[in-house]
Amino acid sequence: MNLALSDEQVFLREAARGALSRFKTLEAARAALNGEKDALPDLWAVAKEAGWPGLLIDESHGGAGLDAFDAMLVLGECGRVIAGISLLGHLPATAILNDAPGGAPLLSELASGERRAAYLPVCPPDDLVNEWSVDPAHGSERLPAPSAVSDGAGVRVSGELSFVPDAPGADLLVGVAILDGPRQPGCKPVGVAIEADATGVSVQALQRYDSTRSLGHLSLKDAPATVLDTPAEALAGAWYLAQALIAAESLGSVETALDVSVAYAKERHTFGRAIGSYQAVKHSLTEVLRQLENGRSLLYYAGWARHGGPQEFPLAASAARSVASRALDQAARTMISVHGGIGATWEHDAPLYFRRAQLSRRLLGGTALATDRVAGEVIAEADAA
Amino acid sequence: MDLDDTPEQAAYRAQTRAWLEEHKSEAPVLRGPGALKDEAEILAARRAWQGRLAEAGLAGVTWPKEYGGQGLGPIEQVLSNQEIARAKVPGILDAIGVGMLGPTIIAHGSEEQKSRYLGPMLHGDEVWCQLFSEPAAGSDLAAVQARARLQDDGSWRLTGQKVWTTNAHFASYGLLLARTDADVPKHKGLTMFIVPMDAEGVTVRGLRQISGEAEFNEVFFDDVALDSGAVVGGVGNGWGTALTTLMFERVTIGLGSEGLGYNSARFAAAIAGDEHARRDPEVRHQLGEIASELLAVRFTGYRTLTALQKGQIPGPEAGLAKVTIVSAAIKAGDLIADVLGPDALLEDSEWAYMISFLPGLKSAGGTEEILRNTVGERVLGLPPEPRLDKGIPFSELRSKEGATV
């Protein structure tokens, strides 16, 4: 039993914290919200320098050969300072390629960060609906995954994907399409890699509420794609990896929100006492800590499960997402309320964390889908027992 | 990062499993077919079984060898608990004595006390109870009023009341926190005593709870005589001695939380059995939240173990796991009863029992409010509430509260 960070992991985390501290990411986020052009620093250069694009790529392909938990540590540091760094899109894409024996030729440039990939988030089937699905552009009904038809050596992919993290500016789009489907008998998911500048690919860049998140609506019309021989579990695994990564990133934001709130509760006095001495304030801050600690424990679970217990990875990653997302909601709202009125003003950092929380919980299937997936997984376990 | 045993742990586990395989037929059957019914019979069988476990080294795993323990670490204790659970046999009867009170005596007791009491405690021959809480001293434990007065011959006379005392109705001894000096501030005038439960003037009364069962007792002391050898850890040092017990209580709760049976698999099974509910989005949403939190607690436990393995003592944040378990289980009870309907509330239903047990559990081992205060102050470093009892002799404090000592 060992759930402690290794020395290498501590070093990775500290190095990430150090590298990101060179940038005023929060000020940049506010400037971007103010409409300043090019306000956000180019953090991809930092990622390249640090080797983060290749975190999940085998060493034989130029990567660092590390695992999900290491990537989660880096994402946590990004979340602490709300750094928009394109790893949320890039890393699951590299995981799909790394698990495909035929994906090797694409990997070295992605490992070095010369090229950047974006993951096409396609949610695997659950215990109720036997269908791969994508987030809709509007409303709550999930839509069918992109479909693929054979075309010589490759396939042509068609479909719409909405709110794809880090899609704008990506060189390669990697995800899942349904061969001869969807909704056809015998249809099967295949991994696909699509050059972003190929015919039939259009990416509409957009932003919602959080200026640090780069999102894109993606339209594929008979876009030529390379078929990847990624095993089906690894295709599903990319979805859960993305869930684990956004969970880690969210908990990083929780850490800062809590630190800042606690510091303020110690220094701000009312009626002759620090406000942190009042039970009402103290208990709301310990509630954030409780949710943070629960989330951290589940990050360990997810980090372990990806290779230590792959059949539990869907459960672990979904649970981590569910708890982390709620923790960030709680932390961001508590941060505002502990600071009083000032916490709700434009100049304060609290609204940046609040904006991050609001958007994060609605991306990649949303928190509610992750929570439902937890239920599906434990019900399936109960059926099997 | 891994969840696997080290080679040494695997060897310990294998040896423990082998012993349990060989001897589990000797264990008392408490549930299902062939279960013992008579309370006295159950008690005798569980005492005997604790004795067998102790002989095999599966009780007092962390106790020093000189007192009959194995001198091993908390990891081995957890491994042994896991194997006992896996073998589906009862654990030791006197978990409070062996887990909390024995270690307190080992830390603070005299050599005479250690050689007299520890052996029979470990083997289940003499069961112990913890006599700390009182009707007006729970969260504020240092406010205990049970009064022990020194006699001219060096003996003591004890008068007062304790409450929430598990196992008092069959315990041989209790470890009791009493006030011995009311004229000093309240944390200073306390002393820890060993009290024979069969002494004249001791009365035990069962305390029925919401479930209708009496798991706890009230214990009354009416001028009970204690000899000078009954003091543990020195006169006036009772608070420090009590903190040791509470530290072991935290470890016990932190490592034993899953033993309460509040886990995602059990709750999911109850929902999975209902064809409609298992497809209902609202039910699934609630189940998903409950299961996520309980899974988190399981891994918090593993983190605690990792810390113990490195020789660190788990801090008060381990108490937050209890808050999570209790609130998740309360939500689960509500959800399952909503799904099953009024039949979930049949008196002999496992859910009725759980639903009844949880409101009290919320306060057991420290109320949620006190836990959040402690964590807020010790972990987050927030300032304490201003206190009105600091530096004031206990007797003056009591008269301010409108009472007499």
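Residues numbered from 1 in each chain as written. Chains lettered and ligands numbered in written order. Predicted model: local features only at pLDDT ≥ 70, side-chain atom pairs only at ≥ 80, totals over all residues. Heavy atoms only, no water.

Our focus in this paragraph is the overall build of chain A. Along chain A, the regular secondary structure elements total eleven helices and eleven strands. Here chain A has a C-alpha radius of gyration of 21 Å; the compact-globule value for 385 residues is 21 Å, and the two agree. Here chain A holds 385 residues, and the buried ones make up 62% of them. Split by element, the accessible area of chain A, about 14,400 Å² in all, is 52% carbon and sulfur. (Helix = DSSP H or I, 4+ residues; strand = E, 2+ residues; numbered from the N terminus. Rg over C-alpha atoms; globule rule 2.2 N^0.38 Å. Buried < 20%, exposed > 50% of the residue type's maximum accessible area, 1.4 Å probe, protein only. Areas by Shrake-Rupley, 256 points an atom, 1.4 Å probe, with all protein chains shown as cover.)

Moving on to the pattern of salt bridges. Evaluated as defined, the whole model comprises 45 salt bridges over all chains. Where Glu377(B) meets Lys282(A), a salt bridge forms, and the shortest distance between an N and an O atom there is 2.7 Å. On the criterion of chain membership, the pair formed by Glu377(B) in helix α11 (residues 368–378) and Lys282(A) in helix α8 (residues 279–308) is interchain, its members lying in two chains. For Lys282(A), a relative accessible area of 0% puts it in the buried group. A salt bridge links Asp223(B) to Arg157(B), with the shortest nitrogen-to-oxygen separation between them at 3.7 Å. Taken together, the positions of Asp223(B) in strand β7 (residues 216–226) and Arg157(B) in strand β3 (residues 156–163) put the pair 66 residues apart, joining distant regions of the chain. What makes Asp223(B) partly exposed here is its relative accessible area of 40%. Accessibility expressed as a relative area gives 33% for Arg157(B), which makes it partly exposed. What you see here is one network of salt bridges that share partners, running through Glu287(A), Arg290(A), Arg326(A), Glu289(B), Glu293(B), Lys362(B), Glu368(B) and Arg372(B). (Salt bridge = Lys/Arg side-chain N within 4 Å of Asp/Glu carboxyl O.)

Positive phi, normally seen in glycine, also occurs at Asp166(A), with a value near 65 degrees. For Trp164(B), which is not a glycine, the phi torsion comes out positive at approximately 65 degrees. Tracing the backbone through its elements, the reader meets Trp164(B) in the loop between β3 and β4 (173–179).

This brings us to the interface of chain A and chain B. With 49 residues of chain A at the contact, the number on the chain B side is 48 residues. At the boundary of chain A with chain B, total buried surface from both sides reaches about 4,500 Å², with 63% on carbon and sulfur atoms. There are ten salt bridges connecting chain A and chain B. One salt bridge connects Asp372(A) with Arg284(B), and the closest N-O pair in it is separated by 2.9 Å. Taken together, chain A and chain B are joined by 20 residue pairs in polar contact (both at pLDDT 80 or more). Those elements that provide at least two residues to the side of chain A that touches chain B are α7 (232–267), β11 (273–274), α8, α9 (313–339) and α11 (366–384) of chain A. The element contributing the most residues to the side of chain A that touches chain B is α8(A), with 17 residues. Here the side of chain A that touches chain B is composed, by residue class, of 25 nonpolar, twelve polar and twelve charged. (Contact = heavy atoms within 4.5 Å. Buried area = accessible area lost by both parts, 1.4 Å probe. Polar contact = N/O pair within 3.5 Å; in protein donor to acceptor, adjacent residues only side chain to side chain. Nonpolar A, V, L, I, M, F, W, Y, C, P; charged D, E, K, R; others polar.)

The next thing to look at is the nonpolar core. Buried together is how nonpolar side chains tend to be arranged in soluble globular proteins. Trp52(A), Ile194(A) and Phe267(B) are the most contacted members of the largest nonpolar core, which has 225 residues in total. Here the element with the most residues in this core is α7(A); it accounts for 19 residues. When near neighbours in sequence (up to four residues on either side) are disregarded, Phe267(B) contacts Tyr262(B), Leu287(B), Ile290(B), Leu294(B), Ala329(B), Ala332(B), Ile336(B), Trp351(B) and Met354(B). Residues Cys129(B), Ala148(B), Ala168(B) and Met197(B) belong to the second largest nonpolar core, which totals 21 residues. (Core = buried A, V, L, I, M, F, W, Y, C linked by side-chain atoms within 4.5 Å.)

With that out of the way, let us pick up the confidence of the model for chain B. Predicted confidence across chain B gives a mean pLDDT of 91, with 97% of residues reaching 70 or more. In the model output, the complex is listed with pTM 0.93 alongside ipTM 0.96. (pLDDT = per-residue confidence, 0-100.)

Turning our attention to the domain arrangement of chain A. Put simply, an interface is often sized by how much accessible area is lost when its parts join up. Residue and element names in this part refer to chain A. When its domains are assigned, chain A resolves into domain 1 (7–115), domain 2 (118–230) and domain 3 (234–384). Each of domain 1 and domain 2 has a C-alpha centre, and the two are 22 Å apart. Facing the 23 residues of domain 1 at the interface are 17 residues of domain 2. Buried surface at the junction of domain 1 and domain 2, both sides included, amounts to about 1,700 Å², of which 68% is carbon and sulfur. Here domain 1 is connected to domain 2 by one salt bridge. Glu195 is the salt-bridge partner of Arg115, the closest N and O atoms lying 2.9 Å from each other. Of all the elements in the fold, those that place two or more residues in the side of domain 1 that touches domain 2 are α2 (25–33), α5 (87–98) and α6 (104–112). For the side of domain 1 that touches domain 2, the element with the most residues is α5, which contributes seven residues. (Domains from an automatic or database assignment.)

To continue, consider the layout of surface pockets. In this structure, the second largest pocket occupies an estimated 860 Å³ of space. For the second largest pocket, the lining is made up of 38 residues, of which Leu3(A), Glu293(A), Arg296(A), Tyr300(A) and Arg303(B) are closest to its centre. Of the residues forming the lining of the second largest pocket, the biggest block, seven residues, is contributed by α8(A). A breakdown of the residues in the lining of the second largest pocket according to their chemical character gives 18 nonpolar, nine polar and eleven charged. (1 Å grid on protein atoms, 1.4 Å probe; cavity = no way out; pocket = protein on both sides within 12 Å on 5 of 7 lines; lining within 4 Å. Points joined across faces, edges and corners; volume = space filled by probe spheres on them.)

This model, assessed by the stated rule, comprises 13 aromatic pairs over all chains. Centroid distance Tyr240(A) to Phe313(A): 6.5 Å. Interplanar angle 75 degrees. Geometry classified as edge-to-face. Taken together, the residues Tyr240(A) in helix α7 and Phe313(A) in helix α9 connect sequence positions 73 residues apart. An identical accessibility class is assigned to Tyr240(A) and Phe313(A); each is buried. Summarising the aromatic geometry, the rings of Tyr117(B) and Trp128(B) are spaced 5.5 Å apart at their centres and angled 85 degrees between planes, so their arrangement reads as edge-to-face. (Phe/Tyr/Trp six-rings, centres within 6.5 Å; stacked < 30°, edge-to-face > 60°.)

On to helix α5 (residues 111–122) of chain B. Given 3.6 residues per helical turn, the α-helix brings residues three or four places apart onto the same face. Residue and element names in this part refer to chain B. Its twelve residues give α5 an end-to-end C-alpha distance of 16 Å, which sits within 8% of 16 Å, the value for a rise of 1.5 Å per residue. Along α5, the positions that sit buried rather than exposed are Gln113, Lys114, Tyr117, Leu118, Met121 and Leu122. Along the axis of α5, the buried positions cluster into a sector of 120 degrees, meaning they face one direction only. Within α5, the exposed residues directed more than 90 degrees away from the buried face are Glu112 and Ser115. Looking at the packing, one finds that the buried side of α5 touches α2 (39–55), α4 (95–108), β1 (128–131), β4, β5 (190–196) and β8 (231–232). (Expected span 1.5 Å × (residues − 1). Arc of directions from axis to C-beta.)

All right, on to empty space enclosed by the protein then. Residue and element names in this part refer to chain A. Within the structure shown, the criterion is met by six cavities of 30 Å³ or more. Considered as a void within the structure, the largest cavity measures approximately 110 Å³ in volume. Lining the largest cavity are 14 residues, with Ile85, Ser86, Asp166, Arg213 and Glu249 sitting closest to its centre. Partitioning the lining of the largest cavity into residue classes produces six nonpolar, four polar and four charged.

Time to look at the environment of Leu118(B). Residues and elements named next belong to chain B. If you trace the backbone, Leu118 turns up in helix α5. When its relative accessible area of 0% is taken as the criterion, Leu118 is described as buried. In the structure, Leu118 is positioned 156 residues away from Asp274 in sequence and 50 Å away in space, judged by C-alpha atoms. Once residues within four sequence positions are removed from consideration, Leu118 is found in contact with Trp63, Tyr67, Gly102, Ile105, Ile106 and Gln113.

Right, let's talk about the side chain of Glu83(B) for a bit. All names here are of chain B. Inspection of the secondary structure puts Glu83 in helix α3 (residues 74–86). Note on Glu83: relative accessible area 2%, which makes it buried. Setting aside anything within four residues of it in sequence, one finds Glu83 in contact with Arg13, Thr16, Arg17 and Leu20.

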